[in-house]
Amino acid sequence: MARARLRGLLVLGFAALTMAAFFLLSLPVMLLTGSGDFPMWLARRLWCPLCLWVSGCPRRVEPHPALPQGPLLFASNHESALDIWVLVEQLPRSVRFVAKRELFRIPVFGWYLRLGGHVGVDRTNRARAIESLRKAATLVRGGTSLIVFPEGTRSRDGRVQPFKKGPFALALEAQVPIVPVAVSGSGAVTPRGLIAVWPGPIRMAMGEAVDPAAHPDRRALLSLVRSRIIDLHRSIGGKGGALDGPEAALGLEGVRV
C-alpha cells in the first residue's frame, strides 16, 4: 500500500506539473484562435500518453466498427480518473468533456477546461444544468464531439452503475449518434477515493453508433446504450452491470429534469 500511495503522489505531481506546462504552452494559441483544438491535440499526443506511462498502464484497445462522419457523443462507463487520459488518447476524434462545475474551480485545470471549450454543469441548480445541456447540444451541432459519463460519477465497485438521463436528452436534442464505450481495469489501477496507483493494463472497447432518431424515447435510448456498454465491459474483462436494475431518474450530472 505504501508503495502504491507513493506512486500515486508521483503520478499526481507529474500530471499537475505537465498540465501547467502544456497550459502555458497552449495559452497564446487558445487566446489567439479562441479554440481548444491545440491543447486537446497536445493532451492526446503528449500529456495523456506520458501520464499513463508514468502510471505504468499499457492500453489494450479492441478494434472498433466504422464510425459515422461528423460529431459524435461518446458515452462511457467510469471506473477511475485515469479513464479521461485513456479516452482522450484513444478516441478517434478531437473531443471535449461534459464535466461537473467543481472541476472548473481548480487552478490551472479549471482554466484549461474553460478556455478549451469544455462544458461545466452545476449539479446543484436545475435551471443552470438545463442551460448547460443546451450549450452542450449547440456545441455538438457545431461539429464538436463530446465525452459523457452517464453514471455521473466513478463506480465504487467496478460495475456499470445506473445511468442518468441528461446525456441522452442531449443526444436527442443535438441529433448526433451516441457511441457506446467501455473501459476496464482503470479502477484496479487507482480505486476511487485513494491517491494510489497499482500499475496494470487498461482495456477499452467501442461499439456501433446508435442513431437517436431511431430511438426517440429517452428512456429506451438510455436502456439500449447502457446494455451495449455493459456487454462491451464484460467482453474486455469488466464486471458489467445489472441490466434489470433501477434506472436513475436523474438529469445531466445528477440534476433532476
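Residues numbered from 1 in each chain as written. Predicted model: local features only at pLDDT ≥ 70, side-chain atom pairs only at ≥ 80, totals over all residues. Heavy atoms only, no water.

1. Let's talk about the packing of aromatic side chains
Now for step 1: A complete count under the given rule lists four aromatic pairs for this structure.
Now for step 2: Ring plane angle 85° and centroid distance 5.7 Å describe the contact between W47 and W85, whose orientation is recorded as edge-to-face. Here W47 is found in helix 2 (residues 37-55), whereas its partner W85 is found in helix 3 (residues 82-90), with 38 residues between them in sequence. By the burial criterion, W47 is buried, and W85 matches it.
Now for step 3: The cationic tip of R226 hangs over the ring face of F163; the distance from NZ or CZ to the ring centre is 5.7 Å. (Phe/Tyr/Trp six-rings, centres within 6.5 Å; stacked < 30°, edge-to-face > 60°. Helix = DSSP H or I, 4+ residues; strand = E, 2+ residues; numbered from the N terminus. Buried < 20%, exposed > 50% of the residue type's maximum accessible area, 1.4 Å probe, protein only. Lys NZ or Arg CZ within 6 Å of the ring centre and 35° of its normal.)

2. Considerations on the sheet that holds strand 4 (residues 119-121)
Now for step 1: The strand order 1-7-6-2-5-3-4 describes an open sheet built from seven strands, whose pairing is mixed. Every interior strand has two partners, whereas the edge strands, strand 1 (59-61) and strand 4, have only one. Shown here is a sheet whose adjacent strand axes are inclined to one another by a mean of 25°, direction ignored.
Now for step 2: Direction of pairing for strand 3 (residues 95-100) relative to strand 5 (residues 145-148): parallel, over a ladder of three bridges. Paired with V95 across the strands is S145, a residue of strand 5. (Pairing = 2+ DSSP bridges. Axes fitted to C-alpha atoms, helices over the stretch in contact; angles between N-to-C directions.)

3. Here we look at the pattern of salt bridges
Now for step 1: As enumerated under the stated definition, the model contains three salt bridges in all.
Now for step 2: Here D37 makes a salt bridge to R96, at a shortest N to O gap of 2.7 Å. One end of the pair, D37, is in helix 2; the other, R96, is in strand 3, with 59 residues separating them in the sequence.
Now for step 3: Taking the relative accessible area as the measure of exposure, D37 reaches 45% and is therefore partly exposed.
Now for step 4: You can call R96 buried: its relative accessible area is 6%.
Now for step 5: Between R203 and E62 there is a salt bridge, with its nearest N and O atoms 2.6 Å apart. A residue pair is termed long-range when its members are at least 10 positions apart, and R203 in strand 7 (residues 202-206) and E62 in the loop between strand 1 and strand 2 (73-76) qualify at 141 residues. (Salt bridge = Lys/Arg side-chain N within 4 Å of Asp/Glu carboxyl O.)

4. Observations regarding the pairing of strand 7
Now for step 1: Along strand 7, four of the five residues are buried, which leaves the element largely enclosed by surrounding structure.
Now for step 2: Relative to strand 7, strand 6 (residues 178-184) runs antiparallel, the two sharing four bridges. When the bridges of strand 7 are listed, A182 appears paired with A205.

5. Looking at the packing of helix 2 against helix 3
Now for step 1: Packing of helix 2 against helix 3 brings their axes to within 8 Å, and their N-to-C directions diverge by 130°. Comparing their axes, helix 3 and helix 2 come out oblique. Of the two possible hands of crossing, helix 2 and helix 3 adopt the one that is left-handed. In this structure, helix 2 contributes M40, A43, R44, W47, C48, P49, C51, L52 and S55 to the contact, and helix 3 contributes L82, W85, V86, V88 and E89. (Parallel < 35°, antiparallel > 145°, perpendicular 65-115°, else oblique. Left-handed = near helix turned anticlockwise from the far one by under 90°. Contact = heavy atoms within 4.5 Å.)

6. Re the state of the cysteines
Now for step 1: Summed over the entire model, instances satisfying the criterion amount to zero disulfides.
Now for step 2: Here C48 is not cross-linked by a disulfide; its sulfur's nearest cysteine counterpart is in C51, at 6.8 Å.
Now for step 3: Judged by relative accessible area, C48 falls into the buried class, the value being 1%.
Now for step 4: C57 forms no disulfide, and the closest cysteine sulfur to it belongs to C51, at a distance of 11 Å. (Disulfide = S-S within 2.5 Å.)

7. Here we look at a nonpolar patch on the surface
Now for step 1: A surface patch of nonpolar side chains, about 290 Å² in accessible area, is lined by L9, L12 and I195.
Now for step 2: Within the fold, L12 resides in helix 1 (residues 2-33). (Patch = residues over 30% accessible without salt bridge, like charges linked within 9 Å, V, L, I, M, F, W, Y side chains within 5 Å. Areas by Shrake-Rupley, 256 points an atom, 1.4 Å probe, with all protein chains shown as cover.)

8. A few points about unusual backbone geometry
Now for step 1: Not every positive phi belongs to a glycine, and Q175 is a case in point at roughly 55°.
Now for step 2: Given a relative accessible area of 43%, Q175 falls into the partly exposed group.

9. Quick look at the nonpolar core
Now for step 1: W47, F74, W85 and L91 are the most contacted members of the largest nonpolar core, which totals 36 residues.
Now for step 2: Put simply, the parts of the chain that give this core at least two residues each are helix 1, helix 2, helix 3, strand 3, strand 6 and strand 7.
Now for step 3: Top contributing element to this core by residue count: helix 2, with seven residues.
Now for step 4: L91 has contacts with R44, F74, I147, V181, M204 and M206, leaving out every residue within four places of it along the chain. (Core = buried A, V, L, I, M, F, W, Y, C linked by side-chain atoms within 4.5 Å.)

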